[in-house]
Amino acid sequence: FLPGPYLRGINVGLTYGRTYANVRRQQLAPHRVTSRLGYSYGRFNASFGMIWVDDKPESSTYGRYVGQLTKFDASLTVRLTKYVSLYVQGRNITNMPDRWYESPTGTQEGKNGYLRQIESYGSNWVFGVKGQF
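Residues numbered from 1 in each chain as written. Predicted model: local features only at pLDDT ≥ 70, side-chain atom pairs only at ≥ 80, totals over all residues. Heavy atoms only, no water.

Engineer: How should the pattern of salt bridges be read in this particular structure?
Structural biologist: When charged atoms on two side chains of opposite charge get close, those side chains can pair. Enumeration according to the criterion identifies five salt bridges in this entry. With a shortest N-O distance of 3.0 Å, Asp 98 and Lys 71 are connected by a salt bridge. Placement of Asp 98 in strand S8 (residues 98–102) and of Lys 71 in strand S6 (residues 69–79) is noted, with a sequence separation of 27 residues between them. Among the residues examined, Asp 98 registers a relative accessible area of 13% and is labelled buried. Because the salt bridges share partners, they merge into one network encompassing Glu 58, Arg 64, Glu 102 and Arg 116. (Salt bridge = Lys/Arg side-chain N within 4 Å of Asp/Glu carboxyl O. Helix = DSSP H or I, 4+ residues; strand = E, 2+ residues; numbered from the N terminus. Buried < 20%, exposed > 50% of the residue type's maximum accessible area, 1.4 Å probe, protein only.)

Below is the structure:
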């Protein structure tokens with residue numbers, strides 16, 4: 001077991017990104033927000049994160065775009081000894097699908113779009129043992 005006092009704390013992070021382009025750029029989202037809430041106490045660390053991305057052009061074809069999305073992540077780590085930890089990480093834990101849209105001819109891109117394609121990759125979970133030597 002580790003000597004010394006148990007460290008504990010809450011950490012919070014929030015970022016906002018704004019992107020400008022003078023020409024249409026594939027996969028360039030104008031707005032992006034990420035946040036993370038974490039907690040640690042002694043041998044235990046946990047965090048919960050969120051990412052939101054605004055609609056973004058799919059390709060150089062006008063009218064086709066990837067819809068906005070919100071995905072959540074989580075992680076948990078338990079330190080067993082000074083050198084060994086167990087961890088679990090989950091990506092897209094709410095199983096949010098990716099959606100591609102197309103705006104009808106004659107309308108502004110992103111307005112009145114109809115669903116063109118949907119893909120769901122599911123949640124991605126990783127379990128492991130981490131060693132530091």
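Further notes follow.
Engineer: Explain the side chain of Glu 102 to me, please; I cannot follow it from the model alone.
Structural biologist: If you trace the backbone, Glu 102 turns up in strand S8. Only 3.2 Å separates the side chain of Glu 102 from the side chain of Arg 64, close enough to count as a polar contact. Apart from residues lying up to four places away in sequence, Glu 102 is in contact with Gly 63, Arg 64, Tyr 65, Gly 113, Tyr 114 and Arg 116. (Polar contact = N/O pair within 3.5 Å; in protein donor to acceptor, adjacent residues only side chain to side chain. Contact = heavy atoms within 4.5 Å.)

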